[in-house]
Amino acid sequence: MTLRPFLLWPLALLLLILPVISWSEPVVNADVATCRALVEKALSKEQRLYRSVLFGQKKAQDAPINEIRFDTDGIPWIKEKDNTWRSVSPGYEDTDRSDTQMSDRNELPVRKGIFETRRVATSDLVPYLTQAYRALKCRSTIVCKVVENSLGQGSAEPQEVIVTVPGCIEEKRKTFPGCHLYAAERSRVEEADLLTYCRLVRDGMVEREKDLLKLTTEYDASYRSLLQLSGHMDAFLQEFRWPLTNSLRKTAELVGALYRIPCFIASCDEAPAPNPD
């Protein structure tokens, strides 16, 4: 059977269009809402990493009930009971995970926190706490730099970029496809909005973590001071016996050891008395 001549032209035109359709660029799903969600997700992960350095990350089986953790896909899970983790994220409402499954897919490694260090004064931990806070500032700034590099990308796929922040370690990161506004042909106003949004969220998070670190350090110093004082008092009471001179000597030793107790609470920050001269 032969085709009629008037049918040949549409078929030829269709054959010419098919290669063009197959070679077309993939659709770029990038807009302000998607990019903001990616920014919040990335900054939240940096915050969780920072807090795990301060307070530690226990094994899943040692985590208390109602503790919330995130897996490698960024999905939150809560420990409902022993050896049972649940999630309310879409698609995971009826899914249970055991402690072993949660440990295998946990986004953060198990580690001992700085505040969990024993047999040291709080003043000895200050350099490490300061370095952890500085790392948070660097890594959160890197996230905003990645967003800045993502806005001008013309591809739909994530691109590897080298991010340099003054005073921080140079890192290789992948851009956020949801922030490729240039490829999605978005306006310059939206790009400026996203840059401002990332910086505002970063500054607010860093400022809040600074206040919490100060409060936690003061509490840790007070708690360690109480433990040291109670330990000296226990030793003093155990050695309280006759003759009285021995007890007085122990009391003098106790008073002489008080200077080693770290002082970060408000009552220790009083200014020296003014010079009468």
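Residues numbered from 1 in each chain as written. Predicted model: local features only at pLDDT ≥ 70, side-chain atom pairs only at ≥ 80, totals over all residues. Heavy atoms only, no water.

S.K.: An account of the sheet that holds strand 1 (residues 68-70) is needed here, citing residue identities and associated values.
M.R.: Taken together, the four strands give an open sheet; going across it, the order is 1-2-3-4, and neighbouring strands pair in antiparallel fashion. Sheet topology places strand 1 and strand 4 (96-97) at the edges, where each strand pairs with a single neighbour. Where strand 3 (residues 84-86) and strand 4 come together, two bridges link them in antiparallel fashion. Bridging from a neighbouring strand, Arg 86 pairs with Asp 96 of strand 4. (Pairing = 2+ DSSP bridges. Helix = DSSP H or I, 4+ residues; strand = E, 2+ residues; numbered from the N terminus.)

S.K.: So, the packing of helix 2 (residues 32-55) against helix 4 (residues 122-151): which residues are in play, and what are the values?
M.R.: The interhelical angle for the contact between helix 2 and helix 4, taken along N-to-C directions, is 165°, at an axis separation of 10 Å. With respect to their mutual orientation, helix 2 and helix 4 come out roughly antiparallel. For the crossing formed where helix 2 meets helix 4, the hand is right-handed. Contact residues: Cys 35, Val 39, Ala 42, Leu 43, Glu 46, Gln 47, Leu 49, Tyr 50, Val 53 and Leu 54 in helix 2; Leu 129, Ala 132, Tyr 133, Leu 136, Arg 139, Ser 140, Val 143 and Val 147 in helix 4. Tallied by class, residues from the contact of helix 2 with helix 4 come to 14 nonpolar, two polar and two charged. (Axes fitted to C-alpha atoms, helices over the stretch in contact; angles between N-to-C directions. Parallel < 35°, antiparallel > 145°, perpendicular 65-115°, else oblique. Left-handed = near helix turned anticlockwise from the far one by under 90°. Contact = heavy atoms within 4.5 Å. Nonpolar A, V, L, I, M, F, W, Y, C, P; charged D, E, K, R; others polar.)

S.K.: I'd like a description of the environment of Tyr 182, backed by residues and values.
M.R.: Note on placement: Tyr 182 falls in the loop between strand 6 (171-174) and helix 5 (188-238). When its relative accessible area of 56% is taken as the criterion, Tyr 182 is described as exposed. Through-space distance from the C-alpha of Tyr 182 to that of Ala 156 is 9.9 Å; in sequence the pair is 26 residues apart. Apart from residues lying up to four places away in sequence, Tyr 182 is in contact with Leu 151, Gly 152, Gln 153, Gly 154 and Glu 191. (Buried < 20%, exposed > 50% of the residue type's maximum accessible area, 1.4 Å probe, protein only.)

S.K.: How would you summarise the nonpolar core if you had to cite specific residues and measurements?
M.R.: Counting residues in hydrophobic clusters, the biggest one holds 32 residues, and the most contacted among them are Tyr 50, Leu 54, Leu 129 and Leu 213. Where this core is concerned, the elements lending two or more residues are helix 2, helix 4, strand 5 (160-163) and helix 5. Broken down by element, the residue count for this core peaks at eleven residues, all from helix 4. Counting six residues, the second-largest nonpolar core is a separate cluster that includes Ala 60, Ala 63, Ile 75 and Trp 85. (Core = buried A, V, L, I, M, F, W, Y, C linked by side-chain atoms within 4.5 Å.)

S.K.: Go over a nonpolar patch on the surface, please, and point to the residues and values.
M.R.: There is a patch of nonpolar side chains on the surface, built from Tyr 219, Tyr 223 and Leu 227 and spanning about 360 Å² of accessible area. Here Tyr 219 is to be found in helix 5. Judged by relative accessible area, which is 59%, Tyr 219 ranks as exposed. (Patch = residues over 30% accessible without salt bridge, like charges linked within 9 Å, V, L, I, M, F, W, Y side chains within 5 Å. Areas by Shrake-Rupley, 256 points an atom, 1.4 Å probe, with all protein chains shown as cover. Salt bridge = Lys/Arg side-chain N within 4 Å of Asp/Glu carboxyl O.)

S.K.: Run through the state of the cysteines, naming residues and quoting values.
M.R.: Under the criterion given, the structure shown has three disulfides. In this model Cys 138 forms its disulfide with Cys 168; the gap between the sulfur atoms is 2.0 Å. Classification of the bridge connecting Cys 138 and Cys 168 rests on its S-S torsion, roughly -75°, and on that basis the disulfide is left-handed. Note that Cys 138 is positioned in helix 4 and Cys 168 in the loop between strand 5 and strand 6, a separation of 30 residues in sequence. Look at Cys 138 and you get buried, because its relative accessible area is 12%. (Disulfide = S-S within 2.5 Å.)

S.K.: Could you give an account of the pairing of strand 5, with specific residues and numbers?
M.R.: One face of the sheet, then the other: side chains in a regular strand alternate in exactly this way. In strand 5, alternate side chains face the same way, and those of Val 161 and Val 163 are buried while those of Glu 160 and Ile 162 on the opposite face are not. Pairing analysis gives four bridges linking strand 5 to strand 6, with the strands arranged antiparallel. If you follow Ile 162 over to strand 6, its bridge partner there is Lys 172.

S.K.: Describe in detail helix 2, supporting the description with residues and values.
M.R.: Compared with the 34 Å implied by 1.5 Å per residue over 24 residues, the 34 Å span of helix 2 between its first and last C-alpha is a close match. Residues Val 32, Cys 35, Val 39, Ala 42, Leu 43, Glu 46, Gln 47, Arg 48, Tyr 50, Ser 52 and Leu 54 constitute the buried set of helix 2. Sitting at the head of helix 2, Asp 31 places a side-chain oxygen 3.4 Å from the backbone nitrogen of Ala 33. Within two residues after helix 2, Gly 56 carries a phi angle of roughly 90°, on the positive side. (Expected span 1.5 Å × (residues − 1). Polar contact = N/O pair within 3.5 Å; in protein donor to acceptor, adjacent residues only side chain to side chain.)

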